[in-house]
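One-letter residues, chain by chain:
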Amino acid sequence: MRILITNDDGIYSPGLAALAAIAASLGEIRIVAPHVEMSAAAHSITSARPLTCKRTPLNGREAYRVNGTPADCVALGLHQWKDAEVVLSGLNLGSNLGNSLWPSGTLAAARQAALMGVRGIALSTPASGEEADFATLRPAVLRALEFLLPLDKVPLVNVNFPSQPPRGMRWTRQSVRHYDGRIVPGQDPMGREHFWFTVTPAEDVEEGTDRWAIENGYVSLTPIRLDLTDESALVLLQAKPTETT
Ligand code: MN
């Protein structure tokens, strides 16, 4: 299997190196990733300037760094390597659960693949305090990939790993009931006011969601769709006349 690997933490992230090492046991890999960290870049693309793609072998593996966004990297990578069969994005240093799927560059890279007709899988792990222990994580990542890669009818999956060896895997849905983003004001050393856009842990986790799976020690697998249409609103709205004449 031909596997394109990218991320949003930048080409020198240890998470990308860990994912590349695991994926190399499953197929032929190539790495195309942002030259700097692009976390929370969402699905932005670079359209006002050209992109450069510089060969940067990584631990002896074929790799390229791009001065663009995660979505740029996937578009460029699939342009250069037309035979790629799947795009893996990660391992992101930080979970991508619930409403963080909106700003996530990790998921956006996988979604860019799905938009181009190639399967995309986003993979994230918690990053609080100590750096993630990739040796401990490796068996769970390998098991998840061995499970997901044969599922060729599922175009886009968001995968999150718990920080400890998991109890198993669960298909989940995105938790959206609680929005956990907030603005926290502060002061710089000169006394000037500034602001952090940060997150607070969501409470009352609903069973069956991505956040629930992680809090209960499971790997969370969420199938993601490309169509943002609100189906129930559409049914209601189409039942009403849109013209008054
Ligand atoms: Mn990131």
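See the structure above.
For the structure given in this document, a descriptive report is provided here.

The rules we used
Residues numbered from 1 in each chain as written. Predicted model: local features only at pLDDT ≥ 70, side-chain atom pairs only at ≥ 80, totals over all residues. Heavy atoms only, no water. Pairing = 2+ DSSP bridges. Helix = DSSP H or I, 4+ residues; strand = E, 2+ residues; numbered from the N terminus. Axes fitted to C-alpha atoms, helices over the stretch in contact; angles between N-to-C directions. Contact = heavy atoms within 4.5 Å. Parallel < 35°, antiparallel > 145°, perpendicular 65-115°, else oblique. Left-handed = near helix turned anticlockwise from the far one by under 90°. Phe/Tyr/Trp six-rings, centres within 6.5 Å; stacked < 30°, edge-to-face > 60°. Buried < 20%, exposed > 50% of the residue type's maximum accessible area, 1.4 Å probe, protein only. Lys NZ or Arg CZ within 6 Å of the ring centre and 35° of its normal. Right-handed = clockwise from strand over helix to strand, strands pointing away.

So, the sheet that holds strand E6 (residues 119-125)
The strand order E3-E4-E2-E1-E5-E6-E7-E11-E8 describes an open sheet built from nine strands, whose pairing is mixed. Of all strands in the sheet, those bounded by a partner on one side alone are strand E3 (53-55) and strand E8 (169-171). Each strand of the sheet is rotated relative to its neighbour by a mean of 20°, with strand direction disregarded. Sitting on the sheet, helix H3 (residues 105-115) is in contact with strand E1 (2-6), strand E5 (86-93), E6 and strand E7 (156-160), with an inclination near 170° to E6.

Observations concerning the packing of helix H1 (residues 14-23) against helix H4 (residues 134-148)
It is at 10 Å that the axes of H1 and H4 come closest, and there the two elements cross at 50°. Judged by the inter-axis angle, H1 sits oblique to H4. Crossing hand, H1 versus H4: right-handed. Here Pro14, Gly15, Ala18, Leu19, Ala21 and Ile22 of H1 come into contact with H4, specifically with Phe134, Arg138, Val141, Leu142 and Leu145.

Quick look at the packing of aromatic side chains
Summed over the entire model, instances satisfying the criterion amount to two aromatic pairs. With 6.0 Å between their ring centres and 50° between their planes, Phe147 and Trp171 make a pair best called tilted. A residue pair is termed long-range when its members are at least 10 positions apart, and Phe147 in helix H4 and Trp171 in strand E8 qualify at 24 residues. On the accessibility criterion, Phe147 (34% relative accessible area) is partly exposed. Plain terms: the ring middles of Trp212 and Tyr218 are 6.0 Å apart, the flat faces sit at 20° to each other, and that makes the pair stacked. The two residues Trp212 and Tyr218 agree in class, both being buried. Against the face of Tyr218 rests Arg170, its NZ or CZ located 4.1 Å from the ring centre.

Considerations on the pairing of E1
By the criterion of burial, E1 is predominantly enclosed, with four of the five residues buried. For E1 and strand E2 (residues 28-34), the ladder comprises four bridges, and the chain directions are parallel. Residue pairing for E2: Ile3 is matched across the bridge by Ile29. The β-α-β motif built from E1, the intervening H1 and the parallel element E2 has right-handed crossover chirality. The sheet contact formed by E1 and E5 spans four bridges and is parallel. Directly across from Ile5, in E5, lies its bridge partner Leu88.

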